[in-house]
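Spelled out from the first residue to the last, the chains are:
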Amino acid sequence: MPAPDRTTAHFLDIHVVQSVPFANLNRDDNNSVKTVRYGDTERTRVSSQSWKRAVREYYQDNFGEQALRTRRIGARVTRLLEEEHGWPAELAQRAGQHIAAGSSIKFETAKDSPVITTNAMVYVPETAVAELAALAAAHRTDLENAKDIKKTTDKSVLPKDAIDAILRSRNGIINLFGRMLAEVDDAGVDGAVQVAHALTTHPTDVELDYFSAVDDVTSAWGDTTGSAHMGHAEFSAGVFYRYATVDLADLARNLGDDHEAARELAAGFAEAFILSLPRAKKTATAPHTIPDLAHIAVRSDRPLSYAAAFEQPVLSRDNGGYAAASRAALARYATAANKLLAGRGTVAAAWASLEEKDLAGLGTRVDSFPDLIDTAIEAAFAPAPVKAGA
């Protein structure tokens, strides 16, 4: 299958409108709801980092391709050597130390802990842990004769090049989201995915929820005055606009032009982005909605966000509700934007929604999210038309 290029598909733009009830999907350092001022109104915001993590977790849970982000890679190897390979605890711990200290990444020691941490987060496939454990096993005699790593000047007995080679390994999720690891040569991966911060299509108010906890013992004794704990938490509710785009050329490049793999990853990402939800405060709010609308546009020239559709906040209907107004605003903006561009760049467009009315400007209506994804992926990876005389 030919690579996506400027004559066919280059970007997969995913637009989502989603109603979220009383929740706090993404908190700041004060446990407050994140906000943004847009169109001179305060909106609830969910950071791209938060939603990307939710997408990664959904993808890993449903499609495999487990990946690990950590500064404690040595400790993870220690655990594997102890639990699955039966190594003595002291030797497994030393092996983990030498793994962490043996790469090109600088490391730190602690007086009160035998665990060595790398200064930079490593982001590797989960399978890399087994590969590092196998490397340690191949050098078991060296490790048995070595000393523990106690200072940053101590040297590992394991081969640096071999550890670095494993840290360069990647899988589908890393090829999608990229990796920043400057300390190891050629370990960086340019992400093929771009995710915008989600924001509500309308003004929102942050609400304080006061709560108290009753002590069961004193309550059983008949002492019902006061409480064992009191506090408050912040929440909001609203209709979010979410947007992400996949650079299909970058994705194919990360995969060594394996276009079948690129097709599968793009489809998996689309599903994960549409159906994922950050998990903050989930036990207290259970805000497990599905999108009201998902629209995917396949483009040949550049990504196109529709966030500006909500620069002027949507107004609720007379009987309340922002969801229908948000869906209509998105469709109107898409129509106007594509008219202004004279249809340039649009290879295909489709949508699926709870909406009963036709949303002109969003392309072909399909019945379900799986149908939507299949339609978009087929259009995105269709062979380039053969030019006359070629």
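Residues numbered from 1 in each chain as written. Predicted model: local features only at pLDDT ≥ 70, side-chain atom pairs only at ≥ 80, totals over all residues. Heavy atoms only, no water.

### A word on the overall build of the chain
Step number 1: The number of helices and strands found in the chain is 13 helices and 14 strands.
Step number 2: Based on the C-alpha atoms only, the size of the chain along its principal axes is roughly 90 × 75 × 35 Å.
Step number 3: Evaluated residue by residue, the chain yields a buried proportion of 48% over its 390 residues.
Step number 4: Within the chain, contacts between residues at least 6 apart in sequence are counted, and of these 75% link residues at least 24 apart.
Step number 5: In the form shown here, the chain has an accessible surface area of approximately 19500 Å², with 49% of it arising from carbon and sulfur atoms.
Step number 6: In the chain, 42 positive and 52 negative side-chain charges are present, and the distance between their average locations comes to 5 Å. (Helix = DSSP H or I, 4+ residues; strand = E, 2+ residues; numbered from the N terminus. Buried < 20%, exposed > 50% of the residue type's maximum accessible area, 1.4 Å probe, protein only. Contact = heavy atoms within 4.5 Å. Areas by Shrake-Rupley, 256 points an atom, 1.4 Å probe, with all protein chains shown as cover. Lys, Arg positive; Asp, Glu negative; His and termini not counted. Charge placed at Lys NZ, Arg CZ, Asp CG, Glu CD.)

### Focus: the confidence of the model for the chain
Step number 1: Across the chain, the average pLDDT comes to 91, with 91% of residues at 70 or higher.
Step number 2: Long-range and interchain partners of residues 1-7, a stretch whose pLDDT sits below 50, account for 20 contacts in this model, where long-range means more than four residues apart. (pLDDT = per-residue confidence, 0-100.)

### Some thoughts on the pairing of strand β2 (residues 35-38)
Step number 1: Here four bridges tie β2 to strand β3 (residues 41-46), and the two strands are oriented antiparallel to one another. Its bridge partner being in β3, Y38 is matched across the sheet by T41.
Step number 2: A loop of two residues connects β2 with β3, the two strands running antiparallel in sequence, and G39 in this loop sits at a positive phi of about 65 degrees. (Pairing = 2+ DSSP bridges.)

### Notes on the packing of helix α4 (residues 127-138) against helix α6 (residues 160-167)
Step number 1: Between α4 and α6, the least distance of the axes is 10 Å, while the angle of their chain directions is 165 degrees. The orientation of α4 with respect to α6, classified from their angle, is roughly antiparallel. As for how α4 packs across α6, the hand of that crossing is right-handed. Residues A128, E131, L132 and L135 of α4 lie in contact with α6, whose contacting residues are A162, I163 and I166.
Step number 2: Of the residues that constitute the contact of α4 with α6, the class distribution is six nonpolar, no polar and one charged. (Axes fitted to C-alpha atoms, helices over the stretch in contact; angles between N-to-C directions. Parallel < 35°, antiparallel > 145°, perpendicular 65-115°, else oblique. Left-handed = near helix turned anticlockwise from the far one by under 90°. Nonpolar A, V, L, I, M, F, W, Y, C, P; charged D, E, K, R; others polar.)

### Considering the pairing of β3
Step number 1: Bridge count between β3 and strand β9 (residues 198-200): two bridges; the pairing is antiparallel. Across the sheet, residue R45 finds its bridge partner in β9, namely L199.

### Topic: the side chain of S236
Step number 1: Checked against the element boundaries, S236 lands in strand β11 (residues 229-247).
Step number 2: For S236, a relative accessible area of 5% translates into the label buried.
Step number 3: A polar side-chain atom of S236 sits 2.9 Å from a polar atom in the side chain of T44.
Step number 4: Those residues within four positions of S236 in sequence are excluded, and the remaining contacts are P21, F22, A23, V33, T44 and D205. (Polar contact = N/O pair within 3.5 Å; in protein donor to acceptor, adjacent residues only side chain to side chain.)

### Examining unusual backbone geometry
Step number 1: Its identity is not glycine, yet A286 carries a phi of approximately 45 degrees, on the positive side.
Step number 2: Assignment of secondary structure puts A286 in the loop between α11 (282-285) and β12 (293-299).
Step number 3: Relative accessible area serves as the criterion here: at 48%, A286 is assigned to the partly exposed category.
Step number 4: In this structure, A342 takes a positive phi of about 60 degrees despite not being glycine.
Step number 5: Among the secondary structure elements, A342 is positioned in the loop between α12 (323-340) and β13 (346-353).
Step number 6: Residue A342 is classed as exposed on the basis of its relative accessible area of 69%.

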